[in-house]
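What the coordinates show
Here's the letter readout for the chains.
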Amino acid sequence: MRRDEIAAGFAEIDARIATACHAVGRDRGEVTLIAVTKTRPVEDVRILAELGVRHIGENRDQEAAAKARELADLSLTWHFVGQLQTNKVRSVVGYAEVIQSVDRLRLVEAISKEAVRQGRRVGCLVQVALDDDPARGGARPADVLEIADEVALAEGLWLGGVMAVAPLGEEPAKAFARLRDVAMRLQEQHPRATMVSAGMSEDLTEAIAYGATHVRVGTALLGRRKPFVR
């Protein structure tokens, strides 16, 4: 039964997070699980909500907007974690409480303008590029503070912290150590921007060791993806 599969995946991930926290002397309550549900049906999200998962991550606006509408009866926090084009900002601001992929000043301006128009307050994480692959998005570490300052000043926005994806082919611990340095520099300027979104199914242990406060898990929670069908 699908509920049993998801419950088993959730129990396993919860145990992995607890073990990773314990290993570095952190409290389990310091790390929030974001269930990444792209390509998954709304039924899976409902099961996750029944199991106590409140944070849902999506990376394609068309799919996320439809799900958020359909699941409006649930008390969920929607995180947009994919690369965001300015022409999708109006839609994403309509449902996302946190946009994790803010990586350029023009995007900050567009999100702020739309948040004000819709009367919303949207959390923004600055996505940090830990490699040189522009296809994966993210701001260069040297540009992160400028973007963060802009978010902090912008109407309708609040600065959450940073987000990153570990580079392919590099030891995750080394990449997350670099992210921790960036996060600490940002927190010197913005003490309340304590969110560090890092770590996925494969590398959440290393991410937690280097200070992740939010981990984004899809495959290990919900199994291998099948093509999305509405």
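As a convention, each chain's residues are numbered from 1 in the sequence order in which they are written. Only residues with pLDDT of at least 70 are given local features in this predicted model, and only at 80 or more are side-chain atom pairs given and counted; all residues enter the totals for whole chains, interfaces and linings. Side-chain calculation: all heavy atoms of the structure are included, whereas hydrogens and water are not.

Attention now goes to the overall build of the protein. Secondary structure assignment for the protein yields nine helices and eight strands. Relative to the globule expectation of 17 Å for 230 residues, the C-alpha radius of gyration of the protein, 17 Å, shows essentially globular dimensions. Only protein chains enter the area calculation, which uses a 1.4 Å probe; residues under 20% of their type maximum are buried, those over 50% are exposed, and those in between are partly exposed. For the protein, the residues scored as buried account for 50% of the 230 residues in total. Whether two residues are in contact is decided by their heavy atoms: any pair within 4.5 Å suffices. Sequence separation of at least 24 residues holds for 60% of the intrachain contacts in the protein that already meet a minimum separation of 6. Note that accessible areas follow from Shrake-Rupley with a 1.4 Å probe, and for residues the cover is restricted to the protein chains shown. Surface summary for the protein: the accessible area is close to 11200 Å², and the carbon and sulfur share equals 49%. Mean positive and mean negative side-chain charge positions of the protein (32 and 33 charges, respectively) differ by 4 Å. Each helix is a run of H or I in the DSSP string that is no shorter than four residues. Each strand is a run of E no shorter than two, and both are numbered from the N terminus. Note that the radius of gyration is over C-alpha atoms, with the globule rule given as 2.2 Å times the number of residues to the power 0.38. In this tally Asp and Glu are treated as negative and Lys and Arg as positive; neither His nor the chain ends contributes. Note that the charge is assigned to NZ on lysines, CZ on arginines, CG on aspartates and CD on glutamates.

A separate point is the environment of Arg40. Locating Arg40 in the fold gives a position in the loop between strand E1 (32-36) and helix H2 (42-50). Distance from Arg40 to Met163, taken between C-alpha atoms, is 23 Å for residues 123 residues apart in sequence.

Salt bridges are counted wherever a side-chain nitrogen of Lys or Arg sits within 4 Å of a carboxyl oxygen of Asp or Glu. Counted under the stated rule, the structure contains 14 salt bridges. A salt bridge links Arg28 to Asp14; the nearest nitrogen and oxygen atoms lie 2.7 Å apart. Residue Arg28 is located in the loop between helix H1 (2-23) and E1, and its partner Asp14 is located in helix H1; the two are separated by 14 residues in the primary sequence. The class for Arg28 is partly exposed, based on a relative accessible area of 26%. Each of Glu58, Arg60, Glu63 and Lys67 takes part in salt bridges that share partners, so that together they form one network.

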